[in-house]
Amino acid sequence: MLEIDGLQAGYGDVRALFGVTLSVGAGEIVALLGPNGAGKSTLLNCVAGLVRPRSGAIRWDGQDLRTLGAHLIVERGVALVPEGRRLFGGMTVQENLELGAFASRAWGGRRAGLERVYTLFPVLAERRRTAVQALSGGQQQMVAVGRALMASPRLLMLDEPSLGLAPRLVAAILEALVAINRAGVTVFLVEQNVPAALSLAHRGYLLEGGRIVGEGSGASLMADEHVRRAYLGPLAVRTPSPQGEHQ
Amino acid sequence: MSVLAQQLLLGLLIGGLYGLAAAGLSLVFGVMRVLNVAHGELIMLGGYGAFWLAALFGVDPFASLVLVIPGSLLLGALLYWGLFGFVVRAHEETRIKNSLLIGFGLALALHALAVRLWTADERSIPTSYGGAVLSVGELSIPLVRLATLTLALVLIGALQLLLSRWRWGKAIRATAEDWQAALLTGIDIRRAYLLAFALGTALAGAAGTLVTVAYSVSPSIGLEWTLKALIVVVLAGLGSMLGTFVGGLVLGLAEAASAATFGGPYREIVGLVIFVVVLAVRPRGLFGR
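> What's the story with the overall build of chain A in this structure? I'm lost.
On a plain count of helices and strands, chain A comes out with 11 helices and 10 strands. On C-alpha atoms alone, chain A measures out to a radius of gyration of 18 Å, which is about the 18 Å that the 2.2 N^0.38 rule sets for 247 residues. In terms of its C-alpha atoms, chain A occupies a principal-axis envelope of roughly 50 × 40 × 30 Å. Relative to its 247 residues, chain A shows a buried fraction of 57%.

> I keep staring at the pairing of strand S1 (residues 2-11) of chain A and nothing clicks. Help me out?
Walk down a regular strand and you will see the side chains alternate between the two sheet faces. Residues and elements named next belong to chain A. Of the pairings in the sheet, the one linking S1 to strand S2 (residues 14-24) comprises eight bridges and is antiparallel in character. Across the sheet, the residue bridging to Leu7 is Val20, located in S2. In textbook terms, the turn of a hairpin is the stretch between consecutive antiparallel strands, and for S1 and S2 this stretch comprises two residues, one of which, Gly12, has a positive phi near 60 degrees. Strand direction decides the pairing type here: S1 and strand S4 (residues 55-60), joined by five bridges, are antiparallel. Looking at S4, one finds that Leu2 is bridged to Trp60.

> Teacher, can you tell me more about the nonpolar core here?
A general feature of soluble globular proteins is that nonpolar side chains tend to end up buried together. Core analysis: the largest hydrophobic core is formed by 95 residues, its most contacted members being Leu27, Met32 and Ile187 of chain B. Per-element accounting of this core gives the leading share, 15 residues, to helix H8 (residues 189-214) of chain B. Residue contacts for Met32 of chain B: discarding those within four places in its chain leaves Tyr80, Phe84, Val88, Arg95, Tyr193 and Phe197 of chain B. Counting 49 residues, the second largest nonpolar core, distinct from the first, contains Leu135, Ile173, Ala201 and Tyr231 of chain A.

> Help me understand the packing of helix H2 (residues 39-57) of chain B against helix H4 (residues 92-118) of chain B, please; the structure alone is not making it clear to me.
All names here are of chain B. For the pair H2 and H4, interaxial distance at closest approach is 10 Å and the crossing angle is 20 degrees. Viewed along their axes, H2 and H4 adopt a mutual orientation that is roughly parallel. Seen along the crossing, H2 lies across H4 with a hand that is left-handed. Where H2 abuts H4, its residues Glu41, Leu42, Met44, Leu45, Tyr48, Phe51 and Trp52 lie against Ala107, Leu110, His111, Ala114, Leu117 and Trp118. Tallied by class, the residues present in the contact of H2 with H4 amount to 11 nonpolar, one polar and one charged.

> When you look at the interface of chain A and chain B in this model, what are you seeing that I'm missing?
How large an interface is tends to be reported as the accessible area lost when its parts come together. In this complex, chain A contributes 22 residues to the contact, which on the side of chain B involves 19 residues. Across the chain A/chain B interface, buried area totals approximately 2,000 Å², and carbon plus sulfur atoms make up 62% of it. Summed over the three residues of chain A that lose the most area to chain B, namely His71, Phe88 and Phe102 of chain A, the buried surface amounts to 33% of that side. The interface formed by chain A and chain B contains three salt bridges. Across the salt bridge formed by Arg86 of chain A and Asp178 of chain B, the nearest N and O atoms sit 2.7 Å from each other. Taken together, the connections running from chain A to chain B amount to seven residue pairs in polar contact (both at pLDDT 80 or more). Taken together, the elements giving at least two residues each to the side of chain A that touches chain B come down to helix H2 (70-75), helix H3 (93-100) and helix H4 (104-107) of chain A.

> Explain the sheet that holds S2 of chain A to me, please; I cannot follow it from the model alone.
Through backbone hydrogen bonds, the strands of a sheet pair up, either in parallel or in antiparallel fashion. Residue and element names in this part refer to chain A. Spatially, S2-S1-S4-S5 is the arrangement adopted by the four strands of the open sheet, whose pairing is antiparallel. Each edge of the open sheet carries a strand with a single partner, namely S2 and strand S5 (63-64). As paired elements, S4 and S5 share two bridges and run antiparallel to each other. Residue pairing across strands places Trp60 opposite Gln63, the latter belonging to S5. Sitting on the sheet, helix H1 (residues 40-48) is in contact with S1, S2 and S4, with an inclination near 110 degrees to S1.

> For this particular structure, what's the right way to read unusual backbone geometry?
Among all residues except glycine, the phi angle is most often negative; among peptide bonds, the trans geometry is most common. Residues and elements named next belong to chain A. In the Ramachandran plot, Asp61 falls in the positive-phi region, its phi being about 55 degrees despite a non-glycine side chain. Counting through the fold element by element, Asp61 comes out in the loop between S4 and S5. The phi dihedral of Ser152 is positive, around 40 degrees, even though this residue is not glycine. Here Ser152 is to be found in the loop between helix H7 (137-149) and strand S7 (155-159). Residue classification places Ser152 among the partly exposed residues on the basis of a relative accessible area of 28%.

> What am I meant to see in a nonpolar patch on the surface here?
All names here are of chain B. A cluster of nonpolar residues, Phe262, Tyr266, Ile269, Val273, Val277 and Val281, forms a patch on the protein surface that exposes about 600 Å² of accessible area. Tracing the backbone shows Ile269 in helix H11 (residues 267-281). For Ile269, a relative accessible area of 42% corresponds to the partly exposed category.

> How do you make sense of the packing of aromatic side chains when you look at a structure like this?
Each aromatic ring pair is summarised here by two numbers: the centre-to-centre distance and the angle between the ring planes. Residues and elements named next belong to chain B. According to the stated counting rule, one finds nine aromatic pairs over all chains in the structure shown. Judged by centre distance (5.8 Å) and plane angle (55 degrees), the ring pair of Phe262 and Tyr266 falls under tilted. Using a relative accessible area of 57% as the deciding quantity, one classes Phe262 as exposed. Residue class for Tyr266 comes out partly exposed when judged on its relative accessible area of 43%.

> I keep staring at helix H3 (residues 65-87) of chain B and nothing clicks. Help me out?
An α-helix turns once every 3.6 residues. As a result, residues three or four positions apart point the same way. The sharpest bend along H3 of chain B comes to roughly 55 degrees, located at Trp81 of chain B. Tucked into the core, H3 of chain B has its buried residues touching helix H1 (2-32), H2, H4, helix H5 (143-165) and H8 of chain B.

> Even after reading the chapter, I still don't get the sheet that holds strand S3 (residues 29-33) of chain A, so can you show me in this structure?
Residues and elements named next belong to chain A. Strand order across the open sheet formed by six strands is S6-S7-S8-S3-S9-S10, with mixed pairing between neighbours. Every other strand in the sheet has two partners, leaving strand S6 (78-81) and strand S10 (211-217) as the edge strands with one partner each. Taken over all neighbouring pairs, the strand axes of this sheet differ in orientation by 15 degrees on average, direction set aside. Pairing of S3 with strand S9 (residues 203-208), which is carried by four bridges, proceeds in the parallel orientation. Of the residues in S9, the one forming a bridge with Leu33 is Leu206. On the sheet, H1 packs against S3, S6, S7, strand S8 (186-191) and S9 and is oriented at approximately 145 degrees with respect to S7. Along the sheet face, helix H8 (residues 167-182) touches S3, S7 and S8 and points at about 155 degrees away from the line of S8.

Rules of the game
- Every chain is numbered independently, its residues counted from 1 as its sequence is written.
- The lettering of chains begins at A and the numbering of ligands begins at 1, in the order of writing.
- Two thresholds apply to this predicted model, a pLDDT of at least 70 for residue-level local features and 80 or more for giving and counting side-chain atom pairs, whereas whole-chain, interface and lining totals are computed over all residues.
- In computing side-chain values, all of the structure's heavy atoms are included and hydrogens and water are not.
- What counts as a helix is a DSSP run of H or I of at least four residues, what counts as a strand is a run of E of at least two, and both are numbered from the N terminus.
- Here the globule rule is a power law, 2.2 Å times the number of residues to the power 0.38, and the radius of gyration is based on C-alpha atoms.
- Think of it in three bands: with a 1.4 Å probe and only protein chains considered, a residue is buried below 20% of the maximum accessible area for its type, exposed above 50%, and partly exposed in between.
- For two strands to be treated as a pair, DSSP must find at least two bridges joining them.
- Nonpolar cores are built from buried Ala, Val, Leu, Ile, Met, Phe, Trp, Tyr and Cys residues. Side-chain atoms within 4.5 Å join them into one set.
- Every residue pair with non-hydrogen atoms within 4.5 Å of one another is taken to be in contact.
- Only the contacting stretch of a helix is used when fitting its axis, a line to C-alpha atoms as for every element, and angles between N-to-C directions run 0 to 180 degrees.
- Any angle from 65 to 115 degrees is called roughly perpendicular, while one under 35 is roughly parallel, one over 145 is roughly antiparallel, and all others are oblique.
- A crossing counts as left-handed when the near helix is turned anticlockwise from the far one by less than a right angle, and as right-handed when that turn is clockwise.
- Each residue gets one label: Ala, Val, Leu, Ile, Met, Phe, Trp, Tyr, Cys and Pro are nonpolar, Asp, Glu, Lys and Arg are charged, and the others, such as Gly, are polar.
- Buried surface area refers to the total accessible area, computed with a probe of radius 1.4 Å, that the two partners give up upon joining, counted for both partners together.
- A pair is scored as a salt bridge if a Lys or Arg side-chain nitrogen falls within 4 Å of a carboxyl oxygen belonging to Asp or Glu.
- Any pair of nitrogen or oxygen atoms within 3.5 Å is treated as a polar contact; in protein, a donor-acceptor pairing is required on top of that, and neighbouring residues in sequence qualify only through side-chain atoms on both sides.
- Like-charged residues are merged into a patch within 9 Å and nonpolar side chains (Val, Leu, Ile, Met, Phe, Trp, Tyr) within 5 Å, provided each residue has over 30% relative accessible area and no salt bridge.
- Per-residue and other accessible areas were derived by the Shrake-Rupley procedure at a 1.4 Å probe size, with only the shown protein chains allowed to occlude residues.
- Here is the rule: rings of Phe, Tyr and Trp (six-membered ring for Trp) pair when centre to centre is within 6.5 Å. Planes less than 30 degrees apart are stacked, more than 60 are edge-to-face, and the remainder are tilted.
- Two axes enter the bend calculation: one fitted to the seven residues ending at the residue in question, the other to the seven starting there, and the bend is the angle between them.

Below, the structure written as structure tokens:
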């Protein structure tokens, strides 16, 4: 299980997280919701080791992740599908997926891993020899999710996997997440598509201005007055968060 | 006509070595975003390595590659641990500046070391087959130079194979494309940097050996070879080792053509013209992504 306690982080003089505390239990799907600039990506990047926190704790199965290099965090079974996918554009689908299994924990089982990913996303099997930059956005997102799965993670974190995708593809990606979770992988999901995220998450947290301002089960957040106004309102216009943006 | 053809042929033959010299620079720059201006001095050291093996132990210069390449690999690893490993900790903009400072310092130091060890004289390696020539029509092809071109192509091909098939070769390519994404797949990018730098140095060592066999070596050839390699990297672009090799051939031919047309002194000008024109017209190079 993932425990984040009093996490503070930022870039240079800009602070992005002001003491965030949350947890993701084994086998759960947990959604982290919030407006642009709330610090959601920073939080995932801290867990993945790409951003070093100023203070606070990040524990994964009781072990402190803050001092580990990003590649060693992958070895502990924590994988991130980063914002914007960050695929290796010049390489083929299969090369991208195989690189996903680079960690020693996964390298030996990469053939079985490929089969699993191709079963989950059959369209990728057809296009395995295609350079990923020639794929559609939805297929690229499948490669991104598949590449993270190739590390055979126990915790899969995703940063805005539905961004820029047509509704049909969003549904396909989210269905895949449910299937991945059923197979025993804990899922920690950052999403701006709040209804979609809450429809599959067991629990959710609201992050605004670098602070947790709400939490609860998917259904209770769905019913929450603030959530409805801010994220699900009829005009779907985001109101400024109570604390204001810290950008 | 046949004089021009002969000159173009010789240009093509040296162009293969330009390509090999550039491949190492391109690999290091593409992966680490570090411009190693001492690359030519590493070529020079490779040349003296072969020279020493021939002079002291009578090792055939082509056979000496078997020792020079692993020796250069090791030297590259040591230089990474001692110098360039610190540069890659900096941000990408600072990296170029820092690498230039370290590179120029290293170039001066290696030049001084070479003068100390081998004097400033020009050295070559005499062999029994050195004068052999293959005549095709009116053209005469120096066999040693033909062999260096062939070996350069073989080495580039081997590198390409290594980068596309070997687990760490793929990691090197991934790190060159996006180092953060590489970290997220579990690649230890410091190790990828180390391997890229060691491989780049090995290519420089091999190039130096071939240069010394076919031409000659002196402590001051470094800057000239860094410049040629840089021109080829700009001309060919990053990302394709075979493209870099072709870029070397193009530079060799262009130099020969301009020397034949405008006279010998113009040989060096054409490379700089290519450099400026490519940067202005097609900054990613002929084969770059």
